[in-house]
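# Examination of the molecular architecture
As a plain string of letters, each chain reads:
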Amino acid sequence: MLGHGDLLRTFEISVTELFDRSENSRPMIFQPKSGDVVSPCTSLFIMVAQALSCETDTSVLRPISPSTPSDMSALTLKTDAGYSMLGRYNKAQNKRDLDQSIAHFERALDLCPVDHPCRPVALFNLATAKFISCQVNGTYLDTPISLFQDALDLRPTGHPDRATTQLHLAAAFLCRFAKGSFQADADAAEELLNEILDVCHTESYIYRAALLAVETYALPSQNTDANDLMAEGPIAPMLPLSLHELARSVERCQHIDDPDALDEAISLHYDALKYYSRVHDERGGLLCNLGSVLYLRFMRRGNDRDLDKAIVFHREALSLLPVGHPGRSVSLNNLACALAVSFAHRGGGEELDEVIVLYREVLDLQPVGHPVRAASLNNLADVLCTRFKRRGNDKDLDEAITLVRAVLDLWPVGHPHRPKSLNNLARALSSRSQHRDDGEDLDAAIACHREALDLWPVGHPDRSTSLCNLANDLFTRFEQRGIDKDLNEAITLHKQALDLLPVGHPGRSDTLNNLGNELSSRFTHRSNENDINEVITLYREVLALYPVGHPHRSESLNNLASALSTCFQQQGNEEQLDEAIALHREALDLWPVTHPSRSASLNNLANALSNRFRQRGNDQDLDQATLLHREALDLYPFGHPHRSTSLYNLANVLSLCFQYRGSEKDLDEVITLHREALDLRPVGHPDRSTSLDDLASALFDHFMHRGNDKDLDEAITLHRDALALRPVGHLHRSRPMDNLATVLCERFQQRGDERDLNEAIMLHQQALDLLPFGHPDRPDSLNNLANALSTRFRHQKSGEDLDKSILVYGEALTLQSVTHPRRPLLFNNLATALTDRFVERGKDSDDLEKALVNAYSALSLFTTNDPHRSVVHGSLATIHLLFHQSSTSEDIDSLNAAMDHFRAGADSVSSGLLSRLQTSLRWVDNADRYTHGTLLEAYATSIQLLDAHMSATASVSSRHHVMKLFPRTLAVDAASCALHRGDVCRTVELLEQGRTLIWTQMARFRMPLDNLQDRNHHSEALVKRFRELSSVLDKHDAHLRDGIARVEAEAEAMRYTRLVTDWQEVVQDIRKLEGFSRFMLPPLFSDLQSAARDGPIIVLIASKSSCDAIIILHQQSPVSVHLATDITKLQQLVATLRQTVQRDIGPKEPQGKLIAVLRELWADVVCPVVENLDRLALRPSRILWCPTSFFNFLPLHAAGEYRRGGKNLSKLFISSYTPSLTALIRARTNRDRSQTAPFAAIGQNHPAGFKFPLEAVEPELELVRSLLPPAPTVSFTKVTSVESTKSRALGTLRDNHWIHFACHGTQNLTEPFKSAFLMRDQPLNLLDITQTDLSRHQFAFLSACETAVGNFETPDEVIHLAAALQFAGVKSVIGTFWSVQDSTVQRLVEAFYRNFCGDGKMNSKRAARALHIAVQSLANDKDIALDQRVVFMHIGI
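Figured I'd write up the structure that's included with this text. (Residues numbered from 1 in each chain as written. Predicted model: local features only at pLDDT ≥ 70, side-chain atom pairs only at ≥ 80, totals over all residues. Heavy atoms only, no water.)

## Side note on the overall build of the chain
Scanning the chain from N- to C-terminus turns up 59 helices and 16 strands. Classification of the 1437 residues of the chain by burial places 53% in the buried group. Sequence separation of 24 or more characterises 67% of the internal contacts of the chain that already satisfy a separation of 6 or more. Only carbon and sulfur atoms are counted for the fraction: they give 51% of the accessible area of the chain, which is about 64600 Å². (Helix = DSSP H or I, 4+ residues; strand = E, 2+ residues; numbered from the N terminus. Buried < 20%, exposed > 50% of the residue type's maximum accessible area, 1.4 Å probe, protein only. Contact = heavy atoms within 4.5 Å. Areas by Shrake-Rupley, 256 points an atom, 1.4 Å probe, with all protein chains shown as cover.)

## Description of empty space enclosed by the protein
Across all of its chains, the model carries seven cavities of 30 Å³ or more by this definition. There is about 140 Å³ of room inside the largest cavity. Forming the walls of the largest cavity are 16 residues, and the residues nearest its centre are P1187, N1192, V1358, H1360 and M1433. Across the lining of the largest cavity, the residue classes break down as twelve nonpolar, four polar and no charged. (1 Å grid on protein atoms, 1.4 Å probe; cavity = no way out; pocket = protein on both sides within 12 Å on 5 of 7 lines; lining within 4 Å. Points joined across faces, edges and corners; volume = space filled by probe spheres on them. Nonpolar A, V, L, I, M, F, W, Y, C, P; charged D, E, K, R; others polar.)

## Quick look at the sheet that holds strand β13 (residues 1323-1325)
With antiparallel pairing, three strands are arranged side by side in an open sheet as β11-β12-β13. The strands lining the two open edges of the sheet, one partner per strand, are β11 (1305-1306) and β13. Where strand β12 (residues 1316-1318) meets β13, three bridges bridge the pair, whose relative direction is antiparallel. Each bridged residue has a counterpart across the sheet, and for L1318 the counterpart in β13 is P1323. (Pairing = 2+ DSSP bridges.)

## Some words on the pattern of salt bridges
Inspection of the entire model under this criterion finds 64 salt bridges. Across the pair R986 and E989 runs a salt bridge whose closest N-O atoms are separated by 3.4 Å. Placement of both R986 and E989 in helix α44 (residues 984-994) is noted, with a separation of three residues, approximately one turn of the helix. Close ionic contact of R1228 with D1094 constitutes a salt bridge, the shortest N to O distance being 3.1 Å. One end of the pair, R1228, is in helix α52 (residues 1221-1228); the other, D1094, is in the loop between α49 (1085-1088) and β3 (1097-1102), and 134 residues separate them in sequence. Given a relative accessible area of 35%, D1094 falls into the partly exposed group. (Salt bridge = Lys/Arg side-chain N within 4 Å of Asp/Glu carboxyl O.)

## As for the environment of E1390
Considering the arrangement of structural elements, one finds E1390 in helix α57 (residues 1382-1397). The exposure class of E1390 is partly exposed, given its relative accessible area of 30%. In this structure, the C-alpha to C-alpha distance between E1390 and S1266, residues 124 residues apart in sequence, is 9.6 Å. Once you skip the residues sitting within four places of it in the chain, E1390 turns out to touch L1263 and L1267. Among the polar contacts made by the side chain of E1390, one reaches the side chain of R1394 at a distance of 3.0 Å. (Polar contact = N/O pair within 3.5 Å; in protein donor to acceptor, adjacent residues only side chain to side chain.)

## Focus: the packing of aromatic side chains
Scanning all chains against the criterion turns up 19 aromatic pairs. Here the aromatic rings of Y270 and F313 are separated by 6.0 Å at their centres, their planes lie at 65 degrees, and the arrangement is edge-to-face. With a gap of 43 residues between them, Y270 in helix α11 (residues 259-273) and F313 in helix α13 (residues 304-319) connect regions that are remote in the sequence. Residues F1301 and F1317 carry aromatic rings whose centres are separated by 4.2 Å and whose planes lie at 10 degrees to one another, so their mutual orientation is stacked. Here F1301 is found in strand β10 (residues 1298-1302), whereas its partner F1317 is found in strand β12, with 16 residues between them in sequence. Here F1301 falls in the buried class, since its relative accessible area comes to 0%. On the basis of relative accessible area, F1317 is assigned to the buried category, the value being 0%. Positioned above the aromatic ring of F638 is the side chain of R643, whose terminal nitrogen or guanidinium carbon lies 4.1 Å from the ring centre. Positioned above the aromatic ring of F773, the side-chain terminus of R778 is 4.1 Å from the ring centre. (Phe/Tyr/Trp six-rings, centres within 6.5 Å; stacked < 30°, edge-to-face > 60°. Lys NZ or Arg CZ within 6 Å of the ring centre and 35° of its normal.)

## A closer look at the environment of L628
Examined against the element boundaries, L628 turns out to sit in helix α27 (residues 619-634). Assessed through its relative accessible area of 7%, L628 is described here as buried. Taking the C-alpha atoms as reference points, L628 and N607, 21 residues apart in sequence, are found 9.3 Å from one another.

## Describing the environment of S1220
By the element assignment, S1220 lies in the loop between β7 (1214-1217) and α52. Given a relative accessible area of 5%, S1220 falls into the buried group. Sequence spacing of S1220 and D1356 is 136 residues, and the spatial spacing of their C-alpha atoms is 9.5 Å. In this view, S1220 contacts E992, R995, T996 and C1186; residues no more than four positions away in its chain are not counted.

## Quick word on the side chain of S430
With respect to the element layout, S430 can be found in helix α18 (residues 418-436). Judged by its relative accessible area of 6%, S430 is buried. In this structure S430 touches L442, A445 and D473, once residues within four positions along its chain are discounted.

## Focus on helix α32 (residues 734-751)
For α32, built from 18 residues, the straight-helix expectation of 26 Å at 1.5 Å per residue is met to within 8% by its first-to-last C-alpha distance of 26 Å. In terms of residue burial, α32 counts as a mostly covered element, since 13 of its 18 residues are buried. One or two residues past the end of α32 sits G752, with phi positive at roughly 80 degrees. (Expected span 1.5 Å × (residues − 1).)

## Structural notes on the pairing of β7
Alternating residues of β7 divide into I1214 and S1216 and S1215 and Y1217, and every residue in both groups is buried. Here four bridges tie strand β6 (residues 1182-1187) to β7, and the two strands are oriented parallel to one another. Note that in β7 the partner of W1185 across the bridge is Y1217.

## Describing unusual backbone geometry
Most of the time, phi is negative for any residue but glycine, and the peptide bond is trans. Of note, the bond from R1179 into P1180 is cis; its omega dihedral lies within 30 degrees of zero at -10 degrees. A positive phi angle, close to 60 degrees, is found at K797, a residue other than glycine. Within the secondary structure, K797 is located in the loop between α34 (778-796) and α35 (799-815). On the accessibility criterion, K797 (49% relative accessible area) is partly exposed. Phi is positive for T931, which is not a glycine, with a value near 50 degrees. With relative accessibility at 70%, the residue T931 sits in the exposed group.

## Some thoughts on the nonpolar core
Ranked by internal contacts, the top residues of the largest apolar core, which has 146 residues, are V1166, W1185, F1317, F1392, Y1393 and F1396. If one sorts the elements of this core by residue count, helix α51 (residues 1152-1173) sits on top with eleven residues. Not counting chain neighbours up to four residues away, the residues in contact with F1396 comprise W1298, F1339, K1401, M1402, N1403, S1404, R1406, A1407 and A1410. Counting 85 residues, the second-largest nonpolar core is a separate cluster that includes A698, F748, I806 and A833. (Core = buried A, V, L, I, M, F, W, Y, C linked by side-chain atoms within 4.5 Å.)

## Notes on the pairing of strand β9 (residues 1274-1279)
Here six bridges tie strand β8 (residues 1237-1243) to β9, and the two strands are oriented parallel to one another. Its bridge partner lying in β9, A1241 is registered against K1278. Taken together, β8, helix α53 (residues 1257-1267) and β9 form a β-α-β motif whose crossover is right-handed. (Right-handed = clockwise from strand over helix to strand, strands pointing away.)

## Observations concerning helix α24 (residues 553-571)
Over its 19 residues, α24 extends 27 Å from the first C-alpha to the last, a length consistent with the 27 Å expected when each residue adds 1.5 Å. Every buried residue of α24 is listed here: R553, S554, S556, L557, N558, L560, A561, A563, L564, S565, C567 and F568. G572 sits one or two positions beyond α24 and adopts a positive phi of about 75 degrees.

## Concerning the packing of helix α28 (residues 643-661) against helix α30 (residues 688-706)
Contact geometry of α28 with α30 gives a least axis separation of 12 Å together with a crossing angle of 25 degrees. By the angle between their axes, α28 is roughly parallel relative to α30. Seen from above, α28 lies across α30 with left-handed handedness. When α28 is examined against α30, the residues Y648, N652 and F658 are found in contact with a partner set consisting of T690, D694, D701 and H705. (Axes fitted to C-alpha atoms, helices over the stretch in contact; angles between N-to-C directions. Parallel < 35°, antiparallel > 145°, perpendicular 65-115°, else oblique. Left-handed = near helix turned anticlockwise from the far one by under 90°.)

Nothing here speaks to function; it is all geometry.
If you want it as structure tokens, here you go:
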């Protein structure tokens, strides 16, 4: 060894052993101690001492000093000095020590010329120090490798130090290979190591070190176990940097943004981790460092894997630092920090809770007086604020404020950190203010910021930050209270801050952004173009500070794009809008799919595209906006704090789709989305008012489109709730106030309550007062006020209101941008008001000309698919009609133009079915009034639209309610119009199309398709889909329970609408098949004529213009018969009949009024028909009556002269009834091939709620059983009164094809679908029957009261129990017109069944004749009154 080296270990050995060179000798092996860094010795310095004979004290040992040549002294001194510095570096990790070590070794080498015997040692020493230096500094390893190679060249094979030199050189090659992946380095290292293994003793240290190097090189790095490596002891030159040097590398990375240096630091840490075992004292510190540097890389690059690994390493580090360890608080803090960032990045609630637990433990380890306690209080307060923002728990926020106040107490006035603490307290108070809407907290926050600002004198580096913080809270207070002074001060402060932040300052960009935001807000409130222009300039400067690749570039792109969009809305420069969209697209491209800001970027681009759609009407923009909003929503799963905002945005763009396309499907989804958003914004949420208001607006649109009063009432309730959340002084109070007023005004028009109208006008005026001149919402508010004034004029005829409304409309148009989407509505509203004034004040006014110009302006501005087009066409039709009326000559052109506009309004698909239907009904009224040639077309259009409007209604009872809202004589008036034009066949077609709509729509879902199914695979698929959808729609009413929650009912209604749309699409596809072009279309007369194959059918028409009969024959042209009555006479006749039969009269009492009714019925109606039948049909053949309107309530079969020798219809023909021709045709398709007739008699003598039993029920059941053929012809089932519950009766009805009911029957005139047979527990109502498949049923005898009585409000829907059974599939039904007595029933039942099946045969076609004969047999029975003899009637075949 050259020099004395460094003392590493001491051990004792005898001289004999020391000089023993036999096979018994043993190698000298130094085992390293834990934690020591040990180099393999190049030379061993041996001190040989000679002990004096009499002394045992080691102090008298005398070293045997070898002689040292004088020329070696300087070399030895330099070498010793180099090792001394290197040893000190290994302990203290001071780089200066390492540099001095290298310097000493370099001087030593200079003392060794090429031929000097010590040159190999000097080269080796310098190479070792250089190698360590390269590892510390991360520099290239070429120099140490060259030095090691020179040393090796001077130590030939056999040299005692050759193996050691080879080992070090191999280690250097491996290190360079790890960094540069040069295979030549790896190959050279492998060759050196293999030579060592060949020549060294297997137990020697050099051998084991070489073997370890070979194994490490051969295995993948992630599988290398640091414990295994350390078991053999480390090799100094192959060791990683010390913890101190690694920490310094991290510190350098924190100060410079050098990606390569950061990656190198992480790599060095991973390398170091391999050599520190799980029990090593320093492993925890290394894990902490590695976690920190990975965390740093995540913050710069956003790679989730780095953050995940950082958390893992911090957790492991914490596990190595038990309670009481001095480094535990730092480790807790590191883990908490990483978890907090993970929460902010991903939103995991459990991580947030763990962060708080960790920070609490940190705080516990830092008692009062601890130097960093204040920092820990701050950290815990920050994360509590974060949890509050996520969950809204007041306790978190209150505790955070308490903690920050505690920090403030630790930093009294004069403390250098007090301003920062004031800032933190201000932030927490600001958050609590926003949560509780507490102005005191916000004021306190602003006061804290002001105090902090006062503590930063001019020139202090933190003064700009304090200026910005104060400005931000002032801006917040402005947004809450609308105090201009706050906004102006905020702008001033931000401008002052900006002056303190020169170009290049890292805080300049944020200040530019905030100033831009405030100026943008001021522009919104004052519309000063200088502000928005300055905003764009500021945002452009920000963007210039964020070049491509900058992490904040996307946010800057978004801000500039938003400002350009705003400027476009003000100035109408489409280039700005296009630039905004381009910028939004660039911003979106910078956010990867998983980035948390992507959803916001999607929303912004979607909003800009929506604006461009409003400007240019390009459907592609609107469709793309919708898709973008849907993608944004997908990024916010249930539970995400921003989901409500995304729901709200998607609802708004779909609302736009509805407004421009009129798709009710879109409107339904809008309501669903708004409801979900509202559920996510509970009481106290800052956006709850907005959600309430927008949901209410959507419901109002729904009402205007479908006319459901519940929508209107709920909209008012929600608008009131929204307004309550925006008290007097609230910046945005005007919007819900205006919206509430609009809906109240509409409710007034619907119900006429003047309180609604007066409140509406008051609210509109108050809303307008809150919007100063220049406010962008003022034109809309003016329009709303004008609408309310116009409405009050129409009600009270106050000319002052009308004049004011016209002036207000004009002001609104003057203020509104020419590109505003609601400008066309303003034109139309003004046109309507001008029209009203023309009507009010006469022909001399030029108002009508102005109205026409404004209405056409409105129409020209609306897109083709705008849902308001129908309204404008209606306005134009009215104006043209007024021109026609005021013309001195016959102005046919104006009249034709009016009808054209009515037609266009009715055909405007996007305007919604309700609006189109209302327009078509106006068309009918005016075409009828002016006897215009389009009247029949108007009728046909109205019937078609009414059918479509009802088909979109989910429940049967709701459809009936809808029917009551429209003219009940529409179908018969349309038929009468066709008849007067001589088109008898068209008359019948219109009747079938416009009557029994509810039954017809239900029947559509039960249409058989047997002749289509076997055509091909495509046909089979259509049939399958048709049947699936039809089945679901047919059973839909079964899912609608009474008392169902409104939201649930609404969801079901929307689902029904979607199913109907799908069903209609399938129907359209079926119509494309050969031979099915008229599938599910209204039948032609040629199809309907087949209903008369068993006998003539007489259709009776009672319209406002005339009453007529049409006799339909199977193979002959129909015959029309004018009847000598009118609708008023029929109405009086029905009233008289009802009064007569409702009296409790007996057989002995005179029935003169009833006879008078039947005589008048004969003379005016039946006799003219019979006179024509005599030449068309043989007596006493069977005829069928198909009555309409009031004819439905008259016993046509009983009409006659009722005098000796006089004519009665019952003596001439056998009468039956049918609700419609289609129902009769459908009944004939019933095919029951059963050999045995399953017959059930169902009785109930004492239903729930009745005091007295029906004594004749049980005997009647037994009588029926006795009159039926025995088995096997009939399989008889009797359900007695004890057994006949609703479910038992319904099951029996379903399982038996021949039915006899003996019970109470009730006709519910208000809700006819609740008409019922009364069972023991619950009524078996009409709706239950319609939902039962009775397609194989043959016959039903309804021995109950009022089973064939319809509803007077909708007579042509024929809603009664007998019709329901026939609709459900029963071929032949016997029912009653009014109440029937027990004695009558017993006699008639016996007579009927004897004639019906007395010969042992069961045939439902015999029912009409059997009833006819049974009634005739009672004619001579003086004990049975006339009203009881004619009470029964037959329906069907």
